[in-house]
2 protein chains.
Amino acid sequence: MTGTRPPAREGERAAAPARDRRTRPTYDPSSLVEVAARVFNERGYDATSMEDLSAAAGITKSSFYHHVRGKEALLRAALERALDGLFGILDEPAASTGSPLTRLRHIVRRQVEVLVAELPHVTLLLRLRGNTETERWALARRREFDAAIARLVRDASAAGELRDGLDPAVDARLLSGLVNSLVEWYRPGRIPADALVAEVDRMAFEGLLAPAPASRRRPF
Amino acid sequence: MTGTRPPAREGERAAAPARDRRTRPTYDPSSLVEVAARVFNERGYDATSMEDLSAAAGITKSSFYHHVRGKEALLRAALERALDGLFGILDEPAASTGSPLTRLRHIVRRQVEVLVAELPHVTLLLRLRGNTETERWALARRREFDAAIARLVRDASAAGELRDGLDPAVDARLLSGLVNSLVEWYRPGRIPADALVAEVDRMAFEGLLAPAPASRRRPF
DNA sequence: CGGACAGGCGAACGATCGTTCGGTCGGGCG
DNA sequence: CGCCCGACCGAACGATCGTTCGCCTGTCCG
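Procedures and definitions
Residues numbered from 1 in each chain as written. Chains lettered and ligands numbered in written order. Predicted model: local features only at pLDDT ≥ 70, side-chain atom pairs only at ≥ 80, totals over all residues. Heavy atoms only, no water. Least-squares fit on C-alpha atoms with pLDDT ≥ 70 in both. Contact = heavy atoms within 4.5 Å. Buried area = accessible area lost by both parts, 1.4 Å probe. Salt bridge = Lys/Arg side-chain N within 4 Å of Asp/Glu carboxyl O. Polar contact = N/O pair within 3.5 Å; in protein donor to acceptor, adjacent residues only side chain to side chain. Helix = DSSP H or I, 4+ residues; strand = E, 2+ residues; numbered from the N terminus. Nonpolar A, V, L, I, M, F, W, Y, C, P; charged D, E, K, R; others polar. Phe/Tyr/Trp six-rings, centres within 6.5 Å; stacked < 30°, edge-to-face > 60°. Buried < 20%, exposed > 50% of the residue type's maximum accessible area, 1.4 Å probe, protein only. Lys NZ or Arg CZ within 6 Å of the ring centre and 35° of its normal. Expected span 1.5 Å × (residues − 1). Axes fitted to C-alpha atoms, helices over the stretch in contact; angles between N-to-C directions. Parallel < 35°, antiparallel > 145°, perpendicular 65-115°, else oblique. Left-handed = near helix turned anticlockwise from the far one by under 90°. pLDDT = per-residue confidence, 0-100. Lys, Arg positive; Asp, Glu negative; His and termini not counted.

A. Structural context of the relation of the copies chain A and chain B. With an RMSD of 0.0 Å, the operation that places chain A on chain B is a rotation of 180° combined with a shift of 0.0 Å along the axis. Within this description, the copies of the chain are treated as partners about a two-fold rotation axis. The position closest to the rotation axis in chain A is occupied by the C-alpha of glycine 207 of chain A, lying 1.9 Å away.

Put into structure tokens, the structure is as follows:
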């Protein structure tokens with residue numbers, strides 16, 4: 001990284017737990033994973049140095065290694081959290097009961113909720129390039145999840161529950177792409193999660209268009 | 001990059017123009033930008049070394065510098081190509097004539113076509129993190145483009161051409177996200193571009209659902 | 001009171017990064 | 001023919017990377 005760093009938002013270092021002499025900060029591993037995931041997303045994994053991470057945690061680089069195995073271990077922990085959240089959806093009863101469309105719609109809505117709840121970790125998962133063994137492992141698991149959704153789209157299409165499409169496989173990709181694109185702009189607090197779920201569901205299954213293109217909604 | 005490199009697809013180096021002593025390879029700048037964009041997308045910009053790039057071009061690292069100013073200059077050239085393609089859409093006559101919905105729909109369809117035509121360059125644009133001045137410049141231009149689309153969605157919504165939605169701004173984000181997600185999976189040759197355009201348009205504006213939720217499409 | 005120990009630090013390690021430099025080679029032109 | 005110049009290369013530069021090491025300090029427990 002020869003490039004100039006971004007403005008380095010104010011108080012980034014102070015974001016760590018209050019460094020009071022009295023109370024041991026006692027960095028628990030999961031909170032460091034959270035910090036790491038946030039910085040990874042800001043700069044990108046490869047462009048993030050251990051110096052960046054330790055500074056965000058409020059300690060020096062060498063101190064940071066007392067709590068953490070290494071850079072890749074942090075990445076793996078964050079990715080596991082994201083994948084556990086996503087695969088947890090498939091284990092819910094509503095994911096395997098009812099018509100394919102009912103199940104698909106439930107999974108999509110829950111996927112949005114998990115994305116919002118685990119935003120930094122899922123964001124990390126969706127930006128992997130597969131440069132290390134850890135990344136390739138996570139990408140493989142993610143492909144499994146996408147395949148489950150693609151299977152459901154195919155079944156719903158075969159059951160006539162979806163609009164006649166050119167290719168259910170393409171529809172599945174578009175559906176996953178639509179949901180996953182949330183991580184590029186959604187930030188917690190701006191929009192309630194349930195409103196976001198409703199909006200995504202509506203766009204995916206009903207589209208943006210007003211119902212009656214020629215005549216008005218309530219004719220006469 | 002401590003991580004092990006991905007399998008390094010066969011014949012990556014041989015992808016360069018035939019290194020015949022007789023005919024000077026005469027690397028023109030634009031073809032090197034193309035090669036660089038491809039490798040940047042495979043490994044990620046920060047994880048890509050100049051060694052990677054020069055090897056993909058079929059020459060050594062030091063030779064590579066005879067044709068190229070540096071790593072960031074390659075990035076900028078690729079991003080300019082992507083941005084020129086996208087902003088070119090807004091200059092087309094059909095982008096500013098007709099109802100907001102008509103214009104929006106034309107732009108979306110053209111955006112898919114540009115994405116397909118300039119896939120590596122647009123992919124690069126959509127993955128920027130803003131670590132260097134060049135990246136921040138490109139991100140700012142990209143935000144301009146997205147804002148133009150958001151404006152059109154708002155106008156179409158105000159004109160009653162879109163389904164009553166909760167928030168046109170959210171719809172605009174979802175629409176852009178749906179279109180941009182193409183770069184994550186689409187590869188040329190698998191699906192004709194016009195079929196892809198039709199599928200994206202249909203999903204965005206009409207949704208996945210079969211027209212009549214309760215009764216069948218052709219009753220009786 | 002003292003020893004153990006976890007938390008934190010500065011300095012340094014080998015590796016790799018982007019970039020530069022000096023030099024070789026060979027075909028085209030005067 | 002002889003010169004020139006663009007293409008190309010090996011070697012090395014300083015910087016930064018992830019990681020390790022030795023040491024200091026304060027706290028808690030016996």
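B. Broad picture of the interface of chain A and chain B. Each side of the interface is counted separately: chain A has 59 residues, and chain B has 59 residues. With both chains or domains summed, chain A and chain B bury close to 5,200 Å², and 55% of this area falls on carbon and sulfur atoms. Among the residues chain A hides against chain B, the three largest losses belong to Arg163, Leu208 and Leu209 of chain A. Together they make up 15% of the total. Across the pair glutamate 206 of chain B and arginine 163 of chain A runs a salt bridge whose closest N-O atoms are separated by 3.3 Å. One can count 24 residue pairs in polar contact (both at pLDDT 80 or more) joining chain A with chain B. At the level of secondary structure, the elements contributing two or more residues to the side of chain A that touches chain B comprise α1 (29-43), α5 (100-117), α7 (133-158), α8 (168-180) and α9 (193-206) of chain A. Ranked by residue count, the leading element in the side of chain A that touches chain B is α9 of chain A, at 10 residues. When the residues that make up the side of chain A that touches chain B are grouped by side-chain class, the tally is 25 nonpolar, 12 polar and 22 charged.

C. Region of the structure containing the packing of aromatic side chains. One pass over the full model with this rule turns up six aromatic pairs over all chains. Each ring, one from phenylalanine 87 of chain A and one from phenylalanine 145 of chain A, has its centre 5.9 Å from the other, and the planes form 75°; the classification is edge-to-face. You can see phenylalanine 87 of chain A sitting in helix α4 (residues 71-91) and its partner phenylalanine 145 of chain A sitting in helix α7, a full 58 residues away along the chain. One exposure class covers both phenylalanine 87 of chain A and phenylalanine 145 of chain A, and it is buried. Here tryptophan 185 of chain B and tyrosine 186 of chain B contribute two aromatic rings whose centre-to-centre distance is 6.1 Å and whose plane-to-plane angle is 85°, an arrangement assigned as edge-to-face. Since its relative accessible area comes to 10%, tryptophan 185 of chain B is described here as buried. Using a relative accessible area of 3% as the deciding quantity, one classes tyrosine 186 of chain B as buried. In this structure, arginine 141 of chain A packs its charged tip against the face of phenylalanine 87 of chain A, placed 4.2 Å from the ring centre. Sitting over the face of the ring of tyrosine 45 of chain B, lysine 71 of chain B holds its NZ or CZ atom 4.6 Å from the ring centroid.

D. How the structure looks around α1 of chain A. All names here are of chain A. Its 15 residues place the ends of α1 21 Å apart at the C-alpha level, agreeing with the 21 Å of an ideal helix rising 1.5 Å per residue. Buried within α1 we find Leu32, Val33, Ala36, Ala37, Val39, Phe40, Asn41 and Arg43. Tucked into the core, α1 has its buried residues touching α2 (50-57), α3 (61-64), α4 and α6 (119-126). Glycine 44 sits one or two residues past α1 and shows a positive phi near 90°.

E. Broad picture of the packing of α8 of chain A against helix α9 (residues 193-206) of chain B. α9 of chain B packs onto α8 of chain A with a crossing angle of 55° between their chain directions and a minimal axis gap of 11 Å. In terms of orientation, α8 of chain A lies oblique with respect to α9 of chain B. Relative to α9 of chain B, the crossing made by α8 of chain A is right-handed. Here α8 of chain A contributes Val170, Asp171, Leu174, Leu175 and Leu178 of chain A to the contact with α9 of chain B, which in turn contributes Leu196, Glu199, Val200, Arg202 and Met203 of chain B. Taken together, the residues that form the contact of α8 of chain A with α9 of chain B break down as seven nonpolar, no polar and three charged.

F. Main features of the pattern of salt bridges. Residues and elements named next belong to chain A. This model, assessed by the stated rule, comprises 32 salt bridges over all chains. Arginine 81 is the partner of glutamate 34 in a salt bridge, and the nearest nitrogen-oxygen pair spans 3.7 Å. Within this pair, whereas glutamate 34 is found in helix α1, its partner arginine 81 is found in helix α4, the two being separated by 47 residues in sequence. Looking at glutamate 34, the relative accessible area reads 36%, which means it is partly exposed.

G. Spatial organisation of the side chain of serine 176 of chain B. Residues and elements named next belong to chain B. Its location among the elements puts serine 176 in helix α8 (residues 168-180). Serine 176 sits in the buried class, given a relative accessible area of 9%. The residues touching serine 176, leaving out its near neighbours within four places in the chain, are Asp146 and Ile149.

H. Spatial organisation of the confidence of the model for chain A. All names here are of chain A. Of all residues in chain A, 85% have pLDDT values of 70 or greater, and the mean over the chain is 88. Per-residue pLDDT stays below 50 along residues 10-24; that stretch engages in 17 contacts with residues further than four places along the chain or on separate chains. Contacts from residues 213-220, a stretch scored under 50 in pLDDT, to residues over four places away or in other chains number five contacts.

I. The arrangement of the packing of α5 of chain A against α8 of chain A in detail. All names here are of chain A. The interhelical angle for the contact between α5 and α8, taken along N-to-C directions, is 30°, at an axis separation of 10 Å. When the axes of α5 and α8 are compared, the pair comes out roughly parallel. With respect to the hand of their crossing, α5 and α8 are arranged in right-handed fashion. Of the residues in α8, those touching α5 at Leu104, Val108, Gln111, Val112 and Leu115 are Leu175, Val179 and Asn180. Partitioning the contact of α5 with α8 into residue classes produces six nonpolar, two polar and no charged.

J. The side chain of glutamate 135 of chain A, seen in detail. All names here are of chain A. By the element assignment, glutamate 135 lies in helix α7. With no salt bridge to any partner, buried glutamate 135 finds its closest opposite charge in arginine 129, at an N-O distance of 7.2 Å. Reaching out from glutamate 135, the side chain makes a polar contact with the backbone nitrogen of arginine 129 at a distance of 3.4 Å. Ignoring any residue separated from it by four or fewer positions in sequence, one finds glutamate 135 in contact with Tyr45, Leu75, Leu128, Arg129 and Gly130.

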